[in-house]
Amino acid sequence: MTLLSTIAASPLSLQDIAQRDLLQELIADRRSPNTRRTYTKALVDFFMQVAQAAPTPALVGEFLALDRYQAMTLVLRYRRILTDRGLAPSTINTRLAAIKSLVGYARKVGQCHYDLADVEGVRVENYRDTSGVNPTEYQLTIGMCDRDTVKGVRDYAILRLLWDNALRRAELCQANVKDFDPQGSKLWIIGKGKVQRESVDLSRQSVQAIQAWLELRGKCKASEPLFCTLDRATKGHRLSGNAIYNLVRETSAAAGIYKVMSPHRVRHSAITAALDATNGDTRRVQKLSRHADLNTLTRYDDNRRHHQGEVTKILAELV
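Remember, predicted model here, so these are calculated numbers, not experimental data.

K.L.:
Even after reading the chapter, I still don't get the overall build of the chain, so can you show me in this structure?
P.N.:
What the chain contains, in helices and strands, is 15 helices and three strands. The burial tally for the chain puts 41% of its 319 residues in the buried class. For the chain, the accessible surface area stands at approximately 17,600 Å², while carbon and sulfur atoms represent 50% of it.

K.L.:
For this particular structure, what's the right way to read the packing of helix H3 (residues 33-51) against helix H5 (residues 68-84)?
P.N.:
The packing of two helices is summarised by the inter-axis angle and the distance between the axes. Axis separation between H3 and H5 bottoms out at 10 Å; the angle between their running directions is 100 degrees. When the axis of H3 is compared with that of H5, the two are roughly perpendicular. When H3 is examined against H5, the residues Ala-42, Asp-45, Phe-46, Gln-49 and Val-50 are found in contact with a partner set consisting of Leu-74, Val-75, Tyr-78, Ile-81 and Leu-82. Class assignment of the residues belonging to the contact of H3 with H5 gives a composition of eight nonpolar, one polar and one charged.

K.L.:
Can you help me understand the packing of aromatic side chains in this one?
P.N.:
The relative placement of two aromatic rings is captured by the distance of their centres and the angle of their planes. The full count for this structure, using the stated rule, is seven aromatic pairs. Considering the side-chain rings of Tyr-138 and Trp-163, the 4.8 Å spacing of their centres and the 15 degrees angle between planes classify their relative orientation as stacked. One end of the pair, Tyr-138, is in helix H7 (residues 135-142); the other, Trp-163, is in helix H8 (residues 150-164), and 25 residues separate them in sequence. When its relative accessible area of 4% is taken as the criterion, Tyr-138 is described as buried. Here the aromatic rings of Trp-213 and Phe-227 are separated by 6.3 Å at their centres, their planes lie at 20 degrees, and the arrangement is stacked. Of this pair, Trp-213 sits in helix H10 (residues 204-217) while Phe-227 sits in the loop between H10 and helix H11 (241-254), and the two are 14 residues apart along the sequence. Judged by its relative accessible area of 0%, Trp-213 is buried.

K.L.:
I would appreciate a short explanation of H7 in the present structure.
P.N.:
Two residues of an α-helix separated by three or four positions point the same way, owing to the 3.6 residues in each turn. Within the span of H7, buried status applies to Tyr-138, Thr-141 and Ile-142. The buried residues of H7 occupy an angular sector of 90 degrees when the element is viewed end-on, so they sit on one face. For H7, the exposed residues set more than 90 degrees away from the buried face come down to Thr-136 and Gln-139. The backbone nitrogen of Thr-136 has a side-chain oxygen 3.1 Å away, supplied by the residue at the start of H7, namely Asn-134.

K.L.:
Quick question: what am I supposed to make of the packing of H7 against H8 here?
P.N.:
Running from N to C, H7 and H8 cross one another at 160 degrees; their axes reach a closest spacing of 10 Å. By the angle between their directions, the pair H7 and H8 is classed as roughly antiparallel. The two elements H7 and H8 meet at a crossing, and its hand is right-handed. For the pair H7 and H8, the contacting residues are Pro-135, Tyr-138, Thr-141 and Ile-142 in the first and Tyr-156, Leu-159, Arg-160, Leu-162 and Trp-163 in the second. For the contact of H7 with H8, the class distribution of residues is seven nonpolar, one polar and one charged.

Rules used throughout
- Residues numbered from 1 in each chain as written.
- Predicted model: local features only at pLDDT ≥ 70, side-chain atom pairs only at ≥ 80, totals over all residues.
- Heavy atoms only, no water.
- Helix = DSSP H or I, 4+ residues; strand = E, 2+ residues; numbered from the N terminus.
- Buried < 20%, exposed > 50% of the residue type's maximum accessible area, 1.4 Å probe, protein only.
- Areas by Shrake-Rupley, 256 points an atom, 1.4 Å probe, with all protein chains shown as cover.
- Axes fitted to C-alpha atoms, helices over the stretch in contact; angles between N-to-C directions.
- Parallel < 35°, antiparallel > 145°, perpendicular 65-115°, else oblique.
- Contact = heavy atoms within 4.5 Å.
- Nonpolar A, V, L, I, M, F, W, Y, C, P; charged D, E, K, R; others polar.
- Phe/Tyr/Trp six-rings, centres within 6.5 Å; stacked < 30°, edge-to-face > 60°.
- Arc of directions from axis to C-beta.
- Polar contact = N/O pair within 3.5 Å; in protein donor to acceptor, adjacent residues only side chain to side chain.
- Left-handed = near helix turned anticlockwise from the far one by under 90°.

This is the structure:
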């Protein structure tokens, strides 16, 4: 007997709910492959923790048939489990968001009578560390790409885009050949939290790098991924986020960069370098970073200026 089944169910018919695989309906409704993977992992973990079993339509039905306070008790218990496991606040909030989305979807289709609006996430302090590498160090990194090879040409184009446009790796992964407009020097991407593509202006260097990659890659369909794998087993498949992460980490290490680099740290580096180059013009740099909240860029600028360290030195001289 599972933990869920020991709690009295509400008047909702378990049999009716169990006839639909609401979890899979929710996952299929998410547009982003990353979101689908994240939600699947989160919901499997939730049911494994609170019910000691993988989610099935029947088990999901038991959860959705609870009354509001019973459901909140389980979710709050799960939040405490995640906190005790030492997970990052952002990870905890993502997993809670997946559960809320499941409940919200079920409620929308008439298979649940409650919501989880009162379940609060864990406070996150965003971008505490926005440090990265300077332009000279990144130049060493992209210089490690052997552009006499197909892989080196592809990797160089990826590393250029991560820097020149401060792109997120998911934005690169989702780009298709047809999204590249060399005549207009643009790339159409699906930004964070967006469902429709938006264009970003490309540098001359990025345009040339992508053109060189596509020329070596050979004939391909417009609907195919812009960046693909090259190994024999999976050649032509869409390059994954993990592959781009490994590319950045390994290339940076080969260049002698002591920091553990990632695509997002390259993004941090590019934004910080842009603030340096524009004398802290956050509004101009916002066009590059595409942050919805200008306060986020203010944090970058404060970290760049090292205000805290300067004040600490002043205080140290006073005693």
